[in-house]
Amino acid sequence: MAAAAEVLNDSWTLLILRDLAEGRASRSDLAAGLPGITPALLTKRLGELTKAGLVVKAAARGGSRFALTEAGRDLVPVIDRLGRWANRHLPPPRVSDLDPGLLARDLCRGVDTAALPALPLVVHIRFTESAAPPRWWLMLSRDGAAATQVDPGLPAAVRIDCAIGALAGVWLGHRTWGEAVRDQAIRLTGTREAVRAVIGCLGVSRYASRDAPPVRTG
């Protein structure tokens with residue numbers, strides 16, 4: 001246990017392993033999903049994980065690529081269990097700790113592409129906390145999902161107006177989409193079919209509690 005704790009000695013290490021497990025392979029891909037980490041610290045952590053035998057580095061066009069070794073892949077169920085434990089037993093994240101871009105990208109990570117219709121869907125998210133709210137677009141298709149702050153110039157099938165805490169609460173399984181819509185914490189605009197398709201493919205985080213209500217504070 002002590003030896004394992006020495007290798008997995010901070011949250012960045014676990015998050016890097018999580019993102020590598022989800023297919024992020026380059027330094028730029030990893031940095032995009034880890035707001036707050038410096039380039040120097042990311043390079044250091046990748047070096048430590050490579051030395052520990054959890055990550056392998058390979059040269060590729062455009063820069064180095066990273067992947068989990070067998071030992072690294074064996075840690076993925078442990079990381080997922082830790083995420084579910086934290087979501088069930090620890091207080092929900094404070095609104096000040098939430099990041100619109102990270103939440104939008106997390107939504108894309110969990111998209112069930114098989115639940116999408118044949119034609120791609122564009123979802124426009126407007127976070128409503130400020131006079132100039134952050135805006136994000138989700139590009140959803142059976143080939144994958146991506147989040148961008150650049151208007152794609154395509155009509156949005158669904159628009160989501162919400163506070164970031166409301167959307168994060170649904171994503172983490174603290175309440176359902178139906179509850180949030182009924183309370184008007186989240187407003188969905190679009191055809192009935194498009195709204196159902198979006199809710200069906202977004203679902204909840206894989207860390208959301210499946211068998212009991214999560215811890216609530218306040």
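What counts, and where the lines are drawn
Residues numbered from 1 in each chain as written. Predicted model: local features only at pLDDT ≥ 70, side-chain atom pairs only at ≥ 80, totals over all residues. Heavy atoms only, no water. Helix = DSSP H or I, 4+ residues; strand = E, 2+ residues; numbered from the N terminus. Pairing = 2+ DSSP bridges. Axes fitted to C-alpha atoms, helices over the stretch in contact; angles between N-to-C directions. Contact = heavy atoms within 4.5 Å. Patch = residues over 30% accessible without salt bridge, like charges linked within 9 Å, V, L, I, M, F, W, Y side chains within 5 Å. Areas by Shrake-Rupley, 256 points an atom, 1.4 Å probe, with all protein chains shown as cover. Salt bridge = Lys/Arg side-chain N within 4 Å of Asp/Glu carboxyl O. Buried < 20%, exposed > 50% of the residue type's maximum accessible area, 1.4 Å probe, protein only. Polar contact = N/O pair within 3.5 Å; in protein donor to acceptor, adjacent residues only side chain to side chain. Left-handed = near helix turned anticlockwise from the far one by under 90°. Nonpolar A, V, L, I, M, F, W, Y, C, P; charged D, E, K, R; others polar. Core = buried A, V, L, I, M, F, W, Y, C linked by side-chain atoms within 4.5 Å. UniProt positions renumbered as here; feature names shortened; annotations may be inferred.

## Some remarks on the environment of serine 96
So, step 1. You can see serine 96 is positioned in the loop between α6 (76-89) and α7 (100-109).
So, step 2. In the structure, serine 96 is positioned 54 residues away from leucine 42 in sequence and 24 Å away in space, judged by C-alpha atoms.

## A word on the sheet that holds strand β4 (residues 135-141)
Paired through their backbone hydrogen bonds, the strands of a sheet run either parallel or antiparallel.
So, step 1. As summarised here, the arrangement of the 5 strands in space is β5-β4-β3-β6-β7, forming an open sheet in which the pairing is mixed. Either end of the sheet is taken by a strand with one partner, and the two such strands are β5 (144-148) and β7 (186-190). Along the sheet, successive strands turn relative to each other by an average axial angle of 15 degrees, direction set aside.
So, step 2. Bridging between β4 and β5 involves 5 bridges; their strand directions are antiparallel. Looking across to β5, one finds that leucine 140 is bridged to alanine 145.
So, step 3. Helix-sheet contacts for α7 involve β3 (121-127), β4 and β5, and the interaxial angle to β4 is about 10 degrees.

## A word on a nonpolar patch on the surface
So, step 1. Together, Leu82, Trp85 and Leu90 give the surface a local cluster of nonpolar side chains, amounting to about 280 Å² of exposed area.
So, step 2. One can find leucine 82 in helix α6.

## Describing α7
So, step 1. Counting buried positions along α7 gives 7 out of 10 residues, so the element sits mostly inside the fold.
So, step 2. Buried residues of α7: Pro100, Gly101, Leu103, Ala104, Asp106, Leu107 and Cys108, and no others.
So, step 3. Those residues of α7 that are buried lie in contact with β3, β4, β5, α8 (164-171) and α10 (192-202).
So, step 4. In this structure aspartate 99 caps α7, since a side-chain oxygen of it lies 3.0 Å from the backbone nitrogen of glycine 101.

## Observations regarding the packing of helix α2 (residues 11-21) against α6
So, step 1. Axis separation between α2 and α6 bottoms out at 10 Å; the angle between their running directions is 115 degrees. In this structure, α2 crosses over α6, and the sense of that crossing is left-handed. Two secondary-structure elements touch here, α2 through Leu14, Leu17, Arg18 and Ala21 and α6 through Val76, Ile79 and Leu82.
So, step 2. Its residues assigned to classes, the contact of α2 with α6 comprises 6 nonpolar, no polar and 1 charged.

## Brief notes about the pairing of strand β6 (residues 158-162)
So, step 1. Within β6, 4 of the 5 residues are buried, which leaves it mostly tucked inside the rest of the structure.
So, step 2. Inspection of the sheet shows β3 paired to β6 by 5 bridges, in the parallel sense. Within β6, the residue paired with valine 123 across the bridge is valine 158.
So, step 3. Pairing of β6 with β7, which is carried by 5 bridges, proceeds in the antiparallel orientation. For cysteine 162, the partnering residue across the bridge sits in β7 and is isoleucine 186.

## As for the nonpolar core
So, step 1. Membership of the largest hydrophobic core comes to 31 residues, with the highest contact counts inside it found for Leu138, Leu167 and Ile186.
So, step 2. Setting aside chain neighbours within four positions, we find leucine 138 in contact with Ala104, Leu107, Cys108, Leu121, Val122, Val123, Ile125, Ala146, Ala147 and Leu202.
So, step 3. Grouped together as the second largest cluster of nonpolar side chains are 17 residues, Leu34, Leu54, Val55 and Tyr207 included.

## Some remarks on the pattern of salt bridges
So, step 1. Inspection of the entire model under this criterion finds 13 salt bridges.
So, step 2. One salt bridge connects arginine 45 with aspartate 10, and the closest N-O pair in it is separated by 2.6 Å. Of this pair, arginine 45 sits in helix α4 (residues 39-51) while aspartate 10 is found in the loop between α1 (2-7) and α2, placing the two residues 35 residues apart along the sequence. In terms of burial, arginine 45 and aspartate 10 fall into one category: buried.

## Concerning the UniProt feature "domain: HTH hxlR-type" (unreviewed entry) in the protein chain
So, step 1. Mapped onto this structure's residue numbering, the UniProt feature "domain: HTH hxlR-type" (unreviewed entry) falls at residues 1-94.
So, step 2. Helix makes up 59% of residues 1-94 and strand 9%, with an end-to-end C-alpha separation of 31 Å.

## Side note on the environment of valine 158
So, step 1. Within the secondary structure layout, valine 158 lies in strand β6.
So, step 2. Placed 40 residues apart in sequence, valine 158 and valine 198 show a C-alpha to C-alpha distance of 7.7 Å.

## A short note on the pairing of β3
So, step 1. The element β3 is extensively covered by neighbouring structure, given that 6 of its 7 residues are classed as buried.
So, step 2. Direction of pairing for β3 relative to β4: antiparallel, over a ladder of 6 bridges. Pairing of isoleucine 125 across the sheet is with tryptophan 136, part of β4.

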